[in-house]
Amino acid sequence: MVPLGSDAVVADLAKPESLMLLSMRWWVRCYSQQECALERLIQGMSRGGAPDAAYSVNGLMWVVARTGQRPVDIRCPRCPSLSDDEAILLHAAWLTQEARSDLAERYLRAHLLTEAGAVFAIGPLEGLGHLFLAAGLSFGRRRIETEPTDAQPRWEMPDDCSRTVH
């Protein structure tokens with residue numbers, strides 16, 4: 001299955017995917033500006049109902065930053081489209097939450113990270129999956145064009161987010 005293709009529109013993502021995506025994007029933005037991302041991640045994850053998941057995203061993104069097989073395309077927080085690399089990370093998160101860490105590891109190794117990076121990424125992804133489930137945030141197995149359920153409303157971008165372009 002090809003996850004959430006590159007023509008996907010961020011506005012169509014359900015809350016769990018949007019929350020993870022926005023957190024990854026803010027992490028990269030903070031990293032590129034040599035700022036600590038953790039405070040922003042905690043703020044965003046708190047709004048989403050899973051404040052401790054900020055630490056999992058922080059760990060995951062450090063692994064991605066250090067072990068990418070090539071430059072990884074993570075877009076700015078306001079970008080309306082989803083990159084292939086962002087879709088790969090969202091798909092790996094879904095696989096891990098579905099107790100398929102073995103597949104998530106192979107998937108990351110095949111598409112994005114080094115072998116060691118894929119192994120190290122599983123811990124933060126498992127933590128993220130557990131914390132999201134505890135907060136009622138379940139990654140759904142569906143294509144981008146499906147509508148979110150009432151249990152998973154669309155995620156609205158916080159008003160205090162920057163309007164920069166990548």
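Our structure is the block above this text.
Let us look at the structure shown here. All figures in this text were calculated on a predicted structure; none of them were measured in a lab. (Residues numbered from 1 in each chain as written. Predicted model: local features only at pLDDT ≥ 70, side-chain atom pairs only at ≥ 80, totals over all residues. Heavy atoms only, no water.)

1. Some points on the pattern of salt bridges
Side chains that differ in charge, positive against negative, can pair when their charged atoms come close.
Working step 1: All told, the structure shown has five salt bridges when counted by the stated rule.
Working step 2: One salt bridge in this structure joins glutamate 86 and arginine 25, with 2.7 Å as the shortest N-O distance. Taken together, the residues span a long stretch of sequence, with glutamate 86 in helix H4 (residues 84-97) and arginine 25 in helix H1 (residues 15-32) at a distance of 61 residues. The same class applies to glutamate 86 as to arginine 25, namely buried.
Working step 3: A salt bridge links arginine 100 to aspartate 102; the shortest N-O distance between them is 3.5 Å.
Working step 4: The exposure class of arginine 100 is partly exposed, given its relative accessible area of 36%.
Working step 5: For aspartate 102, a relative accessible area of 38% corresponds to the partly exposed category. (Salt bridge = Lys/Arg side-chain N within 4 Å of Asp/Glu carboxyl O. Helix = DSSP H or I, 4+ residues; strand = E, 2+ residues; numbered from the N terminus. Buried < 20%, exposed > 50% of the residue type's maximum accessible area, 1.4 Å probe, protein only.)

2. Some details on the packing of H4 against helix H6 (residues 115-134)
Working step 1: In the contact formed by H4 and H6, the axes pass within 9 Å of each other and the chain directions differ by 70°. It follows that H4 is roughly perpendicular to H6 by the angle criterion. The handedness of the crossing between H4 and H6 comes out as right-handed. Of H6, the residues touching H4 (which contributes Ala92, Ala93, Thr96 and Gln97) are Ile122, Leu125, Glu126, Gly129, Phe132 and Leu133.
Working step 2: When grouped by side-chain class, the residues that make up the contact of H4 with H6 number six nonpolar, three polar and one charged. (Axes fitted to C-alpha atoms, helices over the stretch in contact; angles between N-to-C directions. Parallel < 35°, antiparallel > 145°, perpendicular 65-115°, else oblique. Left-handed = near helix turned anticlockwise from the far one by under 90°. Contact = heavy atoms within 4.5 Å. Nonpolar A, V, L, I, M, F, W, Y, C, P; charged D, E, K, R; others polar.)

3. Some remarks on the environment of valine 64
Working step 1: The topology assignment puts valine 64 in helix H3 (residues 53-67).
Working step 2: As for valine 64 and phenylalanine 120, which are separated by 56 residues in sequence, their C-alpha atoms are 9.4 Å apart.
Working step 3: The residues contacting valine 64, other than those within four sequence positions of it, are Val72, Leu89 and Leu113.

4. Let's talk about H6
Working step 1: Taking 1.5 Å of rise per residue, the 20 residues of H6 would be expected to cover 28 Å, and the 30 Å separating its terminal C-alpha atoms lies within 8% of that figure.
Working step 2: At isoleucine 122, H6 is deflected by roughly 25°, the largest bend along its length, and proline proline 124 occurs up to four residues later in sequence.
Working step 3: By the burial criterion, the buried members of H6 are Gly117, Ala118, Ala121, Ile122, Pro124, Leu125, Leu128, Gly129 and Phe132.
Working step 4: Where H6 is buried, its residues contact H1, helix H2 (38-48), H3, H4 and helix H5 (101-111).
Working step 5: Glycine 136 sits one or two positions beyond H6 and adopts a positive phi of about 80°. (Expected span 1.5 Å × (residues − 1). Bend = angle between axes of the 7 residues up to and from the residue.)

5. Topic: the packing of H1 against H3
Working step 1: In contact at an axis separation of 10 Å, H1 and H3 are set at 60° when each is read in the N-to-C sense. By the angle between their directions, the pair H1 and H3 is classed as oblique. Considering the relative orientation of H1 and H3, their crossing is right-handed. On H3, the residues that touch Met20, Ser23, Met24, Trp27, Val28 and Tyr31 of H1 are Val57, Asn58, Leu60, Met61, Trp62, Ala65 and Arg66.
Working step 2: Residues that form the contact of H1 with H3 fall into these classes: ten nonpolar, two polar and one charged.

6. As for the packing of aromatic side chains
Working step 1: Counted according to the given criterion, the structure contains four aromatic pairs.
Working step 2: Considering the side-chain rings of tyrosine 31 and tryptophan 62, the 5.4 Å spacing of their centres and the 85° angle between planes classify their relative orientation as edge-to-face. Placement of the pair is tyrosine 31 in helix H1 and tryptophan 62 in helix H3, with a sequence separation of 31 residues.
Working step 3: Relative accessible area serves as the criterion here: at 36%, tyrosine 31 is assigned to the partly exposed category.
Working step 4: By relative accessible area, tryptophan 62 is classed as partly exposed at 36%.
Working step 5: Here the aromatic residues Trp27, Tyr31 and Trp62 are joined through ring pairs into a cluster of three or more.
Working step 6: Between the NZ or CZ atom of arginine 40 and the centre of the ring of tryptophan 26, over which it lies, the distance is 3.7 Å. (Phe/Tyr/Trp six-rings, centres within 6.5 Å; stacked < 30°, edge-to-face > 60°. Lys NZ or Arg CZ within 6 Å of the ring centre and 35° of its normal.)

On their own, these measurements won't tell you what the molecule is for.
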